[in-house]
Amino acid sequence: MPLVNIDSAQIEQAVKKAGRALQLVPQGIEKVTSHAMNRTITGIRTDIVKTVCGIYNVPQWRVRNHISIFKSNRKDLRAHLRLEDSKNVSLMRYGGRSVAINRKMSKRKGATVQVHKTGTRKPIHGAFIAKGRNHATLIFKRDGKERNPIHALYGPGYPNLFKDDDIRGDLQRKAEERFEKNFSHHAQALINGIIG
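Residues numbered from 1 in each chain as written. Predicted model: local features only at pLDDT ≥ 70, side-chain atom pairs only at ≥ 80, totals over all residues. Heavy atoms only, no water.

For the protein chain, the helix and strand inventory stands at five helices and ten strands. Pairs at least 24 apart in sequence give 58% of the contacts found in the protein chain among residues at least 6 apart. Counting every atom, the protein chain has about 12,500 Å² of accessible surface; 49% of that belongs to carbon and sulfur. In the protein chain, 37 side chains carry a positive charge and 16 a negative one; their mean positions are 13 Å apart. (Helix = DSSP H or I, 4+ residues; strand = E, 2+ residues; numbered from the N terminus. Contact = heavy atoms within 4.5 Å. Areas by Shrake-Rupley, 256 points an atom, 1.4 Å probe, with all protein chains shown as cover. Lys, Arg positive; Asp, Glu negative; His and termini not counted. Charge placed at Lys NZ, Arg CZ, Asp CG, Glu CD.)

Next comes the structure, spelled out in structure tokens:
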């Protein structure tokens, strides 16, 4: 199921608002729709990045790198984006730090993370930071008192946010507003001969 959807009814409504002048331009509707869809899909990516980074304590570039955009053209007016379906994200990405944690009056090594943007750093007793098999730096914890086995610790994945109906609804509203604005802008530019 797509995060947002610009359907044919919305395109038809935008065409009506643009007026008959657009329909007289050869392939005018296709040109303007393609331009508007591509500007809109890029804007939606920005909205997704801001939404995720407003809730989770992750840098914008990292979220942006998980989003792929597939643009529209005059032959295929569909445009969409794909958010990488990672169910879990390494806790290290949520600002993981190695620290000495005071536990029962004795200092023990551990790690802290801050998952939510507005939250506080949380200590993870007994955790440690090390390189994983793929040379990525991760936060680990031992399964028992022995040195092995150990397992990496993970937090919530970004796509889980968009299961929330309110967040999806807000993205849909922004997408519709962006498309209407972009279509109107590009229609006027085409009619005025600015774009071809």
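All right, on to the packing of helix α3 (residues 28-55) against helix α5 (residues 165-191) then. At their nearest, the axes of α3 and α5 sit 8 Å apart, and the two run at 145° to each other. In the crossing of α3 with α5, the sense of the turn from one axis to the other is right-handed. Residues belonging to the contact of α3 with α5 are distributed by class as follows: 13 nonpolar, eight polar and five charged. (Axes fitted to C-alpha atoms, helices over the stretch in contact; angles between N-to-C directions. Left-handed = near helix turned anticlockwise from the far one by under 90°. Nonpolar A, V, L, I, M, F, W, Y, C, P; charged D, E, K, R; others polar.)

A few words on the environment of Y56. Assignment of secondary structure puts Y56 in the loop between α3 and α4 (60-64). Placed 37 residues apart in sequence, Y56 and G19 show a C-alpha to C-alpha distance of 44 Å. When neighbours within four sequence positions are excluded, Y56 is seen to be in contact with Y94, V115, H116, K117, P156, G157, Y158 and L161.

This part takes up α5. Given a rise of 1.5 Å per residue, 27 residues ought to cover 39 Å, and the 39 Å separating the end C-alpha atoms of α5 matches this to within 8%. In this structure, the buried residues of α5 make contact with α1 (8-18), α2 (20-24) and α3. Its side-chain oxygen at 2.8 Å from the backbone nitrogen of D166, D164 defines the N-terminal cap of α5. Note on α5: the residue one or two positions beyond its end, G193, has a positive phi of about 80°. (Expected span 1.5 Å × (residues − 1). Polar contact = N/O pair within 3.5 Å; in protein donor to acceptor, adjacent residues only side chain to side chain.)

A few words on the confidence of the model for the protein chain. Per-residue confidence for the protein chain averages 83 on the pLDDT scale, and 92% of its residues sit at or above 70. Taken element by element, the predicted model of the protein chain shows its lowest mean pLDDT in strand β4 (residues 97-103) (71) and its highest in α3 (91). (pLDDT = per-residue confidence, 0-100.)

This brings us to the pattern of salt bridges. The tally for this structure, following the rule as stated, stands at five salt bridges. Residue D76 is joined to R78 by a salt bridge in which the shortest nitrogen-to-oxygen separation is 3.0 Å. On the basis of relative accessible area, D76 is assigned to the partly exposed category, the value being 30%. Here D170 and R173 are joined by a salt bridge, their closest N and O atoms 2.5 Å apart. (Salt bridge = Lys/Arg side-chain N within 4 Å of Asp/Glu carboxyl O. Buried < 20%, exposed > 50% of the residue type's maximum accessible area, 1.4 Å probe, protein only.)

Before going further, it helps to examine the packing of α1 against α5. Viewed as axis vectors pointing N to C, α1 and α5 meet at an angle of 40°, and their least axial separation amounts to 10 Å. When you trace α1 past α5, the crossing you get is right-handed. Counted together, Q10, I11, A14, V15, K17 and A18 of α1 and Q172, E176, F179, E180, F183, A187 and I191 of α5 form the full contact between these two elements.

It is worth spelling out the packing of aromatic side chains at this point. The final tally for this structure, using the stated rule, is three aromatic pairs. Judged by centre distance (5.8 Å) and plane angle (65°), the ring pair of Y56 and Y94 falls under edge-to-face. Of this pair, Y56 sits in the loop between α3 and α4 while Y94 sits in the loop between β3 (88-90) and β4, placing them 38 residues apart in sequence. In this pair, the class of Y56 matches that of Y94, namely buried. (Phe/Tyr/Trp six-rings, centres within 6.5 Å; stacked < 30°, edge-to-face > 60°.)

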